[in-house]
Amino acid sequence: MANFASRTVQLRCFRQYLCSRALNQCSSTQSSPPLRFCDHFSSQSIIPLRPGIRTPMMHHRYLCGTTAKPDSGEGQNSGQSSDTGKAVRGGPVSWLSFFLLFCTGAGLVFYYDKEKKRHIEGRLLQINAASTAVKVGQSAGKAAIGGPFNLINDEGKNVTEKDFFGKWTLIYFGFTHCPDICPDELVKLAEAVDKIREAKIGVDIVPVFISVDPERDTVEQVHEYVKEFHPNLIGLTGTPDEVRKAARAYRVYYMKTEEESSDYLVDHSIMMYLMDPKMEFVKNFGKNNDVDSLTNGIIEAMKKYKH
């Protein structure tokens, strides 16, 4: 019995030793995984009670880390399954996700274009409806464009609107130092005048150029300028006040740019005004009209006037 008690004390000491050793191993690393109880059977723990008699296997339970390597086949299988759960190496975007992203972007672009076209078509329908409604009420009267003026022509003579009575007149406002727009518009005007004469409709038209830069556009300057475009083109200038009155009568906007030197520019409306033999406004033509549309528009207006 004394021998059995001694063995029991040794067994308790051995178990305490194993537990303290396991705790020391687990606490040696800061980021160590949580501890768990592990059950192991060992043949070394067989303790004889009597001579010739052995005890069954003793069951030791102690703390150990989760990082302990399993020595059974089941542990190996669990290791393999844990490997299969890891992310496959490669880029952050796979081909499938890239394809889905591309399809989504293409769908959004298609939807945006479709909605934009639908919106534009709706606006066009609204504009057409509004223009139709305006045409129904044409009896409201003519536009308040045109009026009296007192200017000087390129030959130095005073002229008024009464000097153009009995003639169709096509008026354009500009300035002789204009770099590109005015020359383009005057070339278009001159070609339209020649085409109207070639059409032989029995009506001629007088082209008129009115300067909005009276400080620089003298009579001589205007005369040299207009003759470069058409021999029948009449140039008009005058005092700043008279030019302002004429521009206001025809609803023409003009304004100087910043004057850093004498070589300044003038912002102005780009418009041609067709006036009938009574010097009343008939129709206006903008920069978007080419020579053919300008010519046809003038001829059509003249034919309507005759009837």
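For the structure, see preceding data.
Residues numbered from 1 in each chain as written. Predicted model: local features only at pLDDT ≥ 70, side-chain atom pairs only at ≥ 80, totals over all residues. Heavy atoms only, no water.

**Considering the nonpolar core**
For soluble globular proteins, nonpolar side chains are generally found buried alongside one another. One finds Phe173, Ile205, Tyr250 and Ile298 to be the most contacted residues of the largest nonpolar core, which totals 52 residues. When contributions to this core are tallied by element, the ones reaching two or more residues are strand E7 (168-174), helix H4 (181-199), strand E8 (205-211), helix H5 (219-226), helix H6 (240-249), strand E12 (271-275), strand E13 (281-286) and helix H7 (291-306). The dominant element in this core, judged by the number of residues it contributes, is H4, at six residues. (Core = buried A, V, L, I, M, F, W, Y, C linked by side-chain atoms within 4.5 Å. Buried < 20%, exposed > 50% of the residue type's maximum accessible area, 1.4 Å probe, protein only. Helix = DSSP H or I, 4+ residues; strand = E, 2+ residues; numbered from the N terminus.)

**Focus on H6**
Restricting attention to buried positions, one finds in H6 the residues Val243, Ala246, Ala247 and Ala249. When H6 is viewed along its axis, its buried side chains cluster within an angular range of 160° and face the same direction. Turned more than 90 degrees off the buried face of H6, the exposed positions are Lys245 and Arg248. Its buried side turned inward, H6 meets strand E5 (150-153), E7, E8, strand E9 (234-237) and strand E10 (254-256). Count one or two residues on from H6 and you reach Arg251, which has phi positive near 55°. (Arc of directions from axis to C-beta. Contact = heavy atoms within 4.5 Å.)

**Remarks on the pattern of salt bridges**
Within this structure, the stated rule accounts for seven salt bridges. One salt bridge in this structure joins Asp194 and Arg197, with 3.4 Å as the shortest N-O distance. Of this pair, Asp194 and Arg197 both sit in helix H4, three residues apart, roughly one helical turn. Taking the relative accessible area as the measure of exposure, Arg197 reaches 36% and is therefore partly exposed. In this structure, Arg216 engages Asp213 in a salt bridge whose closest nitrogen and oxygen atoms are separated by 2.6 Å. Here Arg216 and Asp213 have matching classes, each one buried. (Salt bridge = Lys/Arg side-chain N within 4 Å of Asp/Glu carboxyl O.)

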